[in-house]
Amino acid sequence: MNQDRRKTILAAVRPLGVERLTNVLSPEFRLVFCHSLAAVQDQIRSDIDAIVCGTNFDESRMFELLQTLKSDIRYSAIPFVCVRVLDGVLHEATYASVRKACILMGASAFYDLAQARADMGKAEAAKAFRSMLHQLMNAHS
């Protein structure tokens, strides 16, 4: 039997985001990384405590993953957090629109890790992200 009491997060991100999310979320959480929609469909199970999906996941399929999981009764209640992991080339107004679309489609939250790191520093941005995840998972429990 697994004695690991950490909450499990399925992290759907591009390979480039793995190191940053690992630095931000582990060892506090168990992380299951997926880089494609097919991999998520293989790895998703009811004991996942939260899903963190990068804005550029699998050729920008974040919204497709969000819609797929929110429409499946088995997974619709799992907190789904859309996250901007790395700096991008889009204008900030575009990210504001992405944030709004995420919430309208049923995401639990949108976290701009890249901007938070610039605004408050790496350690505080990571702490705020972990705190938000704990709050969402505790509300779901």
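It should be noted that the structure appears before, not after, this text.
Residues numbered from 1 in each chain as written. Predicted model: local features only at pLDDT ≥ 70, side-chain atom pairs only at ≥ 80, totals over all residues. Heavy atoms only, no water.

## A few points about the sheet that holds strand β2 (residues 30-34)
For sheets, the rule is that strands pair by backbone hydrogen bonds, running either parallel or antiparallel. Keep this limit in mind: Any two strands between which DSSP finds at least two bridges are classified as paired. Strands are runs of DSSP state E lasting at least 2 residues, helices are runs of H or I lasting at least 4, and numbering of each runs from the N terminus. Axis geometry follows a simple rule: fit a line to the C-alpha atoms, using only the stretch in contact for helices, then measure angles between N-to-C directions, giving values from 0 to 180 degrees. In what follows, a contact means two residues having at least one pair of non-hydrogen atoms within 4.5 Å.
If you walk across this open sheet you meet the five strands as β2-β1-β3-β4-β5, and the pairing is parallel. A strand with exactly one partner marks an edge of an open sheet, and here the two such strands are β2 and β5 (109-112). Put simply, the sheet's adjacent strands are angled 25 degrees from each other on average, direction ignored. Both strand β4 (residues 80-84) and β5 contribute to a ladder of four bridges, which runs parallel. Its bridge partner lying in β5, R84 is registered against D112. Along the sheet face, helix α1 (residues 15-25) touches β1 (8-12), β2 and β3 (50-54) and points at about 165 degrees away from the line of β2.

## Describing the side chain of T8
Under the convention used in this document: The definition of a polar contact used here is a pair of N or O atoms within 3.5 Å, where within protein one atom must be able to donate a hydrogen and the other to accept one, and adjacent residues in sequence count solely through side-chain atom pairs.
Along the chain, T8 falls in strand β1. A polar contact of 2.6 Å, which involves the side chain of T8, links it to the side chain of R30. Once residues lying within four places of it in the same chain are set aside, the contact partners of T8 are R30, V32, R45, D47, I48, D49 and A50.

## Comments concerning the pattern of salt bridges
Stated formally: A side-chain nitrogen of Lys or Arg and a carboxyl oxygen of Asp or Glu constitute a salt bridge if their distance falls within 4 Å. Throughout, exposure labels follow a simple rule: accessible area from a 1.4 Å probe, protein chains only, divided by the maximum for the residue type, with under 20% read as buried, over 50% as exposed, and the rest as partly exposed.
Applying the stated criterion across every chain, the model contains six salt bridges. Residue R45 pairs with D47 through a salt bridge whose shortest N-O separation is 2.7 Å. The partner of D72 in a salt bridge is R74, with the nearest N and O atoms 2.6 Å apart. We classify D72 as buried; its relative accessible area is 19%. By relative accessible area, which is 56% here, R74 ends up exposed. One salt-bridge network, held together by shared partners, links D58, R61 and E64.

## Notes on the packing of α1 against helix α7 (residues 122-140)
What counts, and what does not: Roughly parallel here means an angle under 35 degrees, roughly antiparallel means over 145, roughly perpendicular means 65 to 115, and every remaining angle is called oblique.
Taken N-terminus to C-terminus, the directions of α1 and α7 make an angle of 75 degrees; their axes are 9 Å apart at the nearest point. When the interaxial angle is binned, α1 and α7 end up roughly perpendicular. For the pair formed by α1 and α7, the contact residues are L21, V24 and L25 on the first element and A126, F129, R130 and L133 on the second.

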